[in-house]
Amino acid sequence: MVKLLEARGLSFAYPSGLRAVDGVDFEADRGELVCIAGPNGAGKSTLLKLLAGLEKPSAGTVQLEGAPLARTRAKVRARKIALLPQTLTALPDVTVKRFVAYGRYAHQGVFTRATAEDGRAVARALEQADVADLGQRLLTELSSGQRQRALVARALAQEAELLLVDEPTNALDPEHQIAVFELLARLSCEGHAAVVVTHDLNLASQFATRVGLVAEGRKVADGVPGEVLVREVLEPVYGSKLAYGEMAADGGESRSFIVPWRG
Ligand code: ADP
Ligand code: MG
């Protein structure tokens, strides 16, 4: 069957001439939770924008269900792809509920109002992202962690099959970090494809079905966590300030963890 997302030979340079993404192949399919890791400035956010169709690659192609993304209509694209940006440049001065309802635009006709189905999708999204009790609060008046969850809720309301998520757990407390990844894992089990940029190698180790490692615009590794999140692969990219360990989880199975370590 054709993959939900398939990119080949993607390159992108900013006007400054800086080549932020350099010949990257990347794919993601339904049922996957793919984490993209890599140092600051490696090109992760730029890659995500190329995959979302927000930037045009200077070389290479992105295919969504076998069709070139560049030729997919904006409305169709918005129904299929939800991008959660790393930062919102300008926060709209609206309530959380209104903001989450923006996620429904791609489902509505030009002249039609929100339907009961739209209302249900918004309520479900607020619930799933644990912001239902913040619905009437202004987005601008939330803590950064609460705002992050409102962003997740908006993407969920969109009901897109492909979720492209940029560092969703920054500014979240440990419990909400786990909650966001549990939610993304559940969505991928239900048939979504989730692509998640994260610096948290620990969470990637526990939740990812696959990990892509990016450095200086290139993909340097791609595989299951047990193949990629190991010292031989990570040390050339991150250096030696990481500790690797294993711990038995509640179910008895052993999981690896990786933490920043001053050495
Ligand atoms: P990451 O998300 O991995 O930290 P980015 O994709 O944001 O990396 O950035 C990759 C490179 O492109 C960096 O060197 C960054 O400085 C540069 N860059 C990012 N955005 C822009 C921009 N709008 N204009 C020029 N250069 C940019
Ligand atoms: Mg980034």
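In short, a report on the structure. (Residues numbered from 1 in each chain as written. Chains lettered and ligands numbered in written order. Predicted model: local features only at pLDDT ≥ 70, side-chain atom pairs only at ≥ 80, totals over all residues. Heavy atoms only, no water.)

1. Some thoughts on the coordination of the magnesium ion (ligand 2)
- Around the magnesium ion (ligand 2), the protein supplies Ser 45 (OG) and Gln 86 (OE1) as donor atoms, at distances of 2.0 to 2.4 Å. Residue Ser 45 is located in helix H1 (residues 44-52), and its partner Gln 86 is located in the loop between strand E6 (81-84) and helix H3 (96-101); the two are separated by 41 residues in the primary sequence. (Donors = N, O, S within 2.8 Å, 3.2 Å for Na, K, Ca; no water. Helix = DSSP H or I, 4+ residues; strand = E, 2+ residues; numbered from the N terminus.)

2. Structural notes on the side chain of Ser 188
- Locating Ser 188 in the fold gives a position in helix H6 (residues 174-189).
- Here Ser 188 falls in the buried class, since its relative accessible area comes to 4%.
- Ignoring sequence-local partners within four residues, the contact set of Ser 188 consists of Gly 31, Glu 32 and Leu 33. (Buried < 20%, exposed > 50% of the residue type's maximum accessible area, 1.4 Å probe, protein only. Contact = heavy atoms within 4.5 Å.)

3. Concerning unusual backbone geometry
- One non-glycine residue, Glu 159, lies in positive phi territory at about 55°.
- Along the chain, the position of Glu 159 falls in the loop between helix H5 (144-158) and strand E7 (162-166).
- Positive phi outside glycine occurs at Ala 171, with the angle close to 75°.
- By the secondary structure assignment, Ala 171 is in the loop between E7 and H6.
- Relative accessible area serves as the criterion here: at 52%, Ala 171 is assigned to the exposed category.

4. A short note on the side chain of Glu 167
- Tracing the sequence through the fold places Glu 167 in the loop between E7 and H6.
- Of the side chains with opposite charge, Lys 44 comes closest to the buried, unpaired Glu 167, at an N-O distance of 4.8 Å.
- Within the structure, the side chain of Glu 167 is placed 3.2 Å from the side chain of His 199, a separation counted as a polar contact.
- Beyond its immediate stretch of four places on either side in the chain, Glu 167 contacts Lys 44, Gln 86, Gln 148, Val 197 and His 199. (Lys, Arg positive; Asp, Glu negative; His and termini not counted. Salt bridge = Lys/Arg side-chain N within 4 Å of Asp/Glu carboxyl O. Polar contact = N/O pair within 3.5 Å; in protein donor to acceptor, adjacent residues only side chain to side chain.)

5. A look at the site of ligand 1
- The full set of residues close to ligand 1 is Tyr 14, Leu 18, Ala 20, Pro 39, Asn 40, Gly 41, Ala 42, Gly 43, Lys 44, Ser 45 and Thr 46.
- Contacts to ligand 1 include Ala 42, whose backbone N or O atom sits 3.1 Å from an oxygen atom.
- Contacts to ligand 1 include Ser 45, whose side-chain N or O atom sits 2.9 Å from an oxygen atom.
- Computed on the free molecule, ligand 1 has an accessible area of 560 Å², of which 61% lies beneath the protein chains in the complex. (Near = heavy atom within 4 Å. Areas by Shrake-Rupley, 256 points an atom, 1.4 Å probe, with all protein chains shown as cover.)

6. Considerations on the nonpolar core
- Counting residues in each nonpolar core, the largest one holds 49 residues, and the members touching the most others are Leu 33, Val 96, Val 100, Val 196 and Leu 229.
- When sequence neighbours within four positions are dropped, the list of residues in contact with Val 100 reads Val 122, Ala 125, Leu 126, Ala 150, Ala 153, Arg 154 and Ala 157. (Core = buried A, V, L, I, M, F, W, Y, C linked by side-chain atoms within 4.5 Å.)

7. Some points on the sheet that holds E7
- Ordered by their spatial adjacency, six strands build an open sheet running E6-E7-E8-E3-E9-E10, and the pairing between neighbours is mixed. Here the strands that pair on one side only, and so sit at the sheet edges, are E6 and strand E10 (218-223). Within this sheet the neighbouring strands show an average axis-to-axis angle of 15°, counted without direction.
- Strand direction decides the pairing type here: strand E3 (residues 33-37) and strand E9 (residues 210-215), joined by four bridges, are parallel. Bridge pairing links Cys 35 to Val 211 in E9.
- Those strands touched by H5 are E6 and E7, and its axis lies near 175° from that of E6. (Pairing = 2+ DSSP bridges. Axes fitted to C-alpha atoms, helices over the stretch in contact; angles between N-to-C directions.)

8. Considerations on the layout of surface pockets
- The volume enclosed by the largest pocket comes to roughly 550 Å³.
- Along its surface, the largest pocket is lined by 24 residues, and Leu 54, Ile 81, Ala 82, Leu 83 and Arg 154 are the ones closest to its centre.
- Residue assignment for the lining of the largest pocket shows that the elements contributing at least two residues are H1, helix H2 (74-80), E6 and H5.
- Of the residues contributing to the lining of the largest pocket, the split by class is 15 nonpolar, five polar and four charged.
- Volume-wise, the second largest pocket comes out at about 310 Å³.
- The wall of the second largest pocket is formed by 15 residues, among which Ile 178, Gln 206, Met 247, Arg 255 and Phe 257 lie closest to the centre.
- For the lining of the second largest pocket, the secondary-structure elements that each account for two or more residues are H6, helix H7 (201-207), strand E11 (242-248) and strand E12 (254-260). (1 Å grid on protein atoms, 1.4 Å probe; cavity = no way out; pocket = protein on both sides within 12 Å on 5 of 7 lines; lining within 4 Å. Points joined across faces, edges and corners; volume = space filled by probe spheres on them. Nonpolar A, V, L, I, M, F, W, Y, C, P; charged D, E, K, R; others polar.)

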